[in-house]
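# Report on the structure
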Amino acid sequence: MADLQRPGGELASRPIHFFWVVDCSGSMSYDGKMEVVNTAIEECIPEMASAADNNPNAQLLIRALQFSSGASWLTAKPVPVEDYSWNHLEANGVTEMGKAFELLAAQLSIPPMPTRALPPVIVLLSDGQPTDSYKDGLNKLKALPWFKKAVKIAISIGSDADDDVLEDFTGNKELILQANNAAALAKMIKWASTTASMVSAPASKPMNADAVSTPAGSGDPFAPANGGAPLVIDMSNIPSPDDFDDGAVW
């Protein structure tokens, strides 16, 4: 135990909180969208666990939040990735995204978020436009230091998704992943889950020239919570929507 605190000793494990925020409105039942989301996330859990194994100084904790007519957590508390199992969601109701943002804001406050955690990862999936005043909830999020430091990715599902809203959430147009059919959606979920499972560990240098990174302490969403090297997302390997032309476009 002393080695965890001694200079030059092994680093203590720090939590990474990973949040799925999933649109379960009625339109997600069309063309099998909800089924693809359920299957893809379920299949990604082992790969997330494997990715987390490559980051031994961090503990990956997962939570999922659903929203339609209202919003609710699927698990009461964060669950270690090795113990996590996906609860299949059903689609119905409207798109009260603002209520999801309010629930998320309550969990990104300190407490319950610990001060020594690594920046969280938030992946938002939506196929439509909010039916409530989403800006009220989003403004609560934007006021929180943990949200400012978070890695935020949005998956835009189909042609009816409101990309302006998703960009308002991510603060970065490049981190809106387009999914216009089932194959693309499954691939985008896999990329977001496994890539983002790794980005919250401070990196010593950018992965490549296409990576997104920022200086520590800059106030940008990619700056690490407690100083040190910048966080890095490798943007070069994001799947292109053009690679998934299966004849069925949402």
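Each remark here, short or long, concerns the structure printed above.
These lines cover the structure that appears in this document, whether it is placed above or below. The structure displayed is predicted, hence computed values, not measured ones.

### Looking at the environment of Ile155
Checked against the element boundaries, Ile155 lands in strand β6 (residues 151–157). Ile155 gets classed as buried once you look at its relative accessible area, which sits at 0%. In this view, Ile155 contacts Val123, Leu124, Leu125, Ser126, Leu166, Leu177, Ala179, Leu185, Met188, Ile189 and Ala192; residues no more than four positions away in its chain are not counted.

### Examining unusual backbone geometry
Put simply, Ile110 and Pro111 share a cis peptide bond, and its omega is -20 degrees. Here Pro111 shows up in the loop between α2 (97–108) and β5 (118–126). Here Pro111 and Pro112 are connected by a cis peptide whose omega angle stands at 15 degrees. The backbone phi angle of Asp31 is positive, close to 55 degrees, even though this residue is not glycine.

### Details of the nonpolar core
Counting 44 residues, the largest nonpolar core has Trp20, Leu125, Ile155, Leu185 and Ile189 as the members making the most contacts within it. Counting only elements with at least two residues in this core, the list comes to β1 (14–23), α1 (33–53), β2 (58–68), β5, β6, β7 (176–179) and α6 (182–199). Top contributing element to this core by residue count: α1, with 10 residues. Sequence-distant contacts of Ile189, that is, excluding residues within four places in its chain, are made with Trp20, Val37, Ala40, Ile41, Cys44, Leu125 and Ile155.

### Looking at the pattern of salt bridges
In the structure shown here, the tally under the stated rule is 6 salt bridges. Between Glu96 and Lys99 there is a salt bridge, with the nearest N and O atoms lying 3.2 Å from each other. Exposure remark for Glu96: the relative accessible area of 17% places this residue in the buried category. What makes Lys99 partly exposed here is its relative accessible area of 39%. Lys140 is paired through a salt bridge with Glu102; the nearest N and O atoms lie 3.9 Å apart. A residue pair is termed long-range when its members are at least 10 positions apart, and Lys140 in helix α3 (residues 134–142) and Glu102 in helix α2 qualify at 38 residues. According to the relative accessible area criterion, Lys140 is partly exposed, its value standing at 46%.

### A short note on the packing of aromatic side chains
Counted by the stated rule, this structure contains 4 aromatic pairs. Their ring planes at 55 degrees and their centres at 6.0 Å tell us that Phe19 and Trp73 sit as a pair that is tilted. Pair noted here: Phe19 is in strand β1 and Trp73 is in strand β3 (residues 70–73), with a separation of 54 residues, a long-range link. Owing to a relative accessible area of 2%, Phe19 belongs among the buried residues under this scheme. Pairwise contacts between aromatic rings join Phe101, Phe147 and Phe169 into one cluster. Across from the ring centre of Trp73, 4.0 Å away, lies the NZ or CZ of Arg63, which sits over that ring. Cation over ring: Lys152 sits above Phe147, and NZ or CZ is 4.5 Å from the ring centre.

### What about the side chain of Ser25?
Note on placement: Ser25 falls in the loop between β1 and α1. Accessibility expressed as a relative area gives 2% for Ser25, which makes it buried. Polar side-chain contacts of Ser25 include one of 2.7 Å to the side chain of Asp23. Polar side-chain contacts of Ser25 include one of 3.4 Å to the side chain of Thr95. Apart from residues lying up to four places away in sequence, Ser25 is in contact with Phe67, Ser68, Ala91, Asn92, Gly93, Val94, Thr95 and Asp127.

### Some points on the side chain of Thr170
Examined against the element boundaries, Thr170 turns out to sit in helix α5 (residues 163–170). Judged by its relative accessible area of 3%, Thr170 is buried. At 2.9 Å, the side chain of Thr170 forms a polar contact with the backbone oxygen of Asn172. With residues near it in sequence (within four places) discarded, Thr170 still touches Lys152, Ile153, Ala154, Leu175 and Ile176.

### Here's the deal with the pairing of β3
With 4 bridges connecting them, β2 and β3 associate as antiparallel partners. Directly across from Phe67, in β3, lies its bridge partner Ala71. Two successive antiparallel strands, β2 and β3, enclose a turn made up of 1 residue.

### Structural notes on α1
With 21 residues, α1 should cover 30 Å at 1.5 Å per step; its first-to-last C-alpha distance of 30 Å lies within 8% of that length. Maximal helix bending in α1 amounts to about 35 degrees, located at Ile45; proline Pro46 follows within four positions.

Thresholds, definitions, all that
- Residues numbered from 1 in each chain as written.
- Predicted model: local features only at pLDDT ≥ 70, side-chain atom pairs only at ≥ 80, totals over all residues.
- Heavy atoms only, no water.
- Helix = DSSP H or I, 4+ residues; strand = E, 2+ residues; numbered from the N terminus.
- Buried < 20%, exposed > 50% of the residue type's maximum accessible area, 1.4 Å probe, protein only.
- Contact = heavy atoms within 4.5 Å.
- Core = buried A, V, L, I, M, F, W, Y, C linked by side-chain atoms within 4.5 Å.
- Salt bridge = Lys/Arg side-chain N within 4 Å of Asp/Glu carboxyl O.
- Phe/Tyr/Trp six-rings, centres within 6.5 Å; stacked < 30°, edge-to-face > 60°.
- Lys NZ or Arg CZ within 6 Å of the ring centre and 35° of its normal.
- Polar contact = N/O pair within 3.5 Å; in protein donor to acceptor, adjacent residues only side chain to side chain.
- Pairing = 2+ DSSP bridges.
- Expected span 1.5 Å × (residues − 1).
- Bend = angle between axes of the 7 residues up to and from the residue.

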